[in-house]
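For reference, the chains in residue letters:
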Amino acid sequence: MSFTLPPLPYAYDALQPYMSKETLEYHHDKHHNAYVTAGNSLLKDSGLEGKSLEEIVRGSFGKNAPLFNNAGQHYNHLHFWKWMKPNGGGAKIPGAVEKAIIDGIGSIDKMKEDFIAAGVGQFGSGWAWLVVKDGKVSVMKTPNGENPLVHGATPILGCDVWEHSYYIDYRNRRADYVKAFLDHLVNWDYVEEMFQATR
Ligand code: MN3
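Residue positions within a chain follow its written sequence, with the count starting from 1. Selection of residues for local features in this predicted model requires a pLDDT of at least 70, selection of side-chain atom pairs for listing and counting requires 80 or more, and totals for whole chains, interfaces and linings are taken over all residues. Only heavy atoms go into the side-chain values, all of them from the structure, while hydrogens and water stay out.

**Concerning the pattern of salt bridges**
Thinking step 1. Counted as salt bridges are all cases of a side-chain nitrogen of Lys or Arg within 4 Å of a carboxyl oxygen of Asp or Glu. Tallying each qualifying case throughout the model produces six salt bridges.
Thinking step 2. In this structure, the salt-bridge partner of lysine 99 is aspartate 103, at a minimum N-O distance of 2.9 Å. Of this pair, lysine 99 and aspartate 103 both sit in helix α4 (residues 95-105), four residues apart, roughly one helical turn. For the pair lysine 99 and aspartate 103, one class covers both residues: exposed.
Thinking step 3. Note that lysine 179 is salt-bridged to aspartate 183, the shortest N-O span being 2.8 Å. One end of the pair is lysine 179 and the other is aspartate 183, both in helix α7 (residues 174-185) and four residues apart, which spans about a single turn.
Thinking step 4. For lysine 179, a relative accessible area of 44% gives the class partly exposed.
Thinking step 5. Judged by its relative accessible area of 25%, aspartate 183 falls in the partly exposed class. A run of H or I in DSSP becomes a helix once it reaches four residues, and a run of E becomes a strand once it reaches two; helices and strands are each numbered from the N terminus. Per-residue accessibility, obtained with a 1.4 Å probe over protein chains only, is compared with the maximum for each type, and a residue is labelled buried under 20%, exposed over 50%, and partly exposed between these values.

Take a look at the structure:
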């Protein structure tokens, strides 16, 4: 396979005021595109050509750091765009994933608290996640381009906490960004879709 950059599933200004047109233009057109371009170049002669993106991410982890970083970030961003939508977030959580969150973490409020703490507590660049591991939903965080796939877990929601994701709109206020992500941007239907695919 080769990596391709899909268009955003909404207009560049669709997530305002919580994520600006300028942020999405840079983040999608420059940052994500750079992972795609570098990833394709690093994939050549890596021994992982012809594998699925998930196989490339798992297969390069700990073995080929440049390829892993770019393939991991490509995977993370492909889903990140779909994990958001205009008028998302809040309490509109589909029943199956809502129940699994409550079973695994205790309550929706506790999940939000833990998710924000994971995003804020990730030193430097990285991601905050809701994952399914051994059939149970939990919160985790990873540095840089790493993701739950290489820790035996499947991500069902991820928030990019690299500065490029929020610095234009929130400056250094990462907690405000992660809170706005949960309250106004999350596409819970896509979270539910990824959750159902783990069952
Ligand atoms: Mn990013």
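After presenting the structure, the write-up continues.
**Regarding the packing of aromatic side chains**
Thinking step 1. Aromatic contacts are taken between Phe, Tyr and Trp rings whose centres are within 6.5 Å, Trp giving its six-membered ring; a plane angle under 30 degrees counts as stacked, one over 60 as edge-to-face, and the others as tilted. In this structure the tally under the stated criterion is eleven aromatic pairs.
Thinking step 2. Measuring from centroid to centroid gives 6.2 Å for tryptophan 83 and tryptophan 129, while their planes differ by 75°, and the two rings are edge-to-face. One end of the pair, tryptophan 83, is in the loop between α3 (65-82) and α4; the other, tryptophan 129, is in strand β1 (residues 126-133), and 46 residues separate them in sequence.
Thinking step 3. Classification of tryptophan 83 as buried rests on a relative accessible area of 0%.
Thinking step 4. Considering the side-chain rings of tyrosine 166 and tyrosine 177, the 5.2 Å spacing of their centres and the 20° angle between planes classify their relative orientation as stacked. You can see tyrosine 166 sitting in helix α6 (residues 163-170) and its partner tyrosine 177 sitting in helix α7, a full eleven residues away along the chain. Here tyrosine 166 matches tyrosine 177 in class, with each residue buried.
Thinking step 5. Taken together, the ring pairs in this structure connect Phe80, Trp81, Trp83, Phe115, Trp127, Trp129, Phe181 and Tyr190 into an aromatic cluster.

This is a description of form; function is not addressed.
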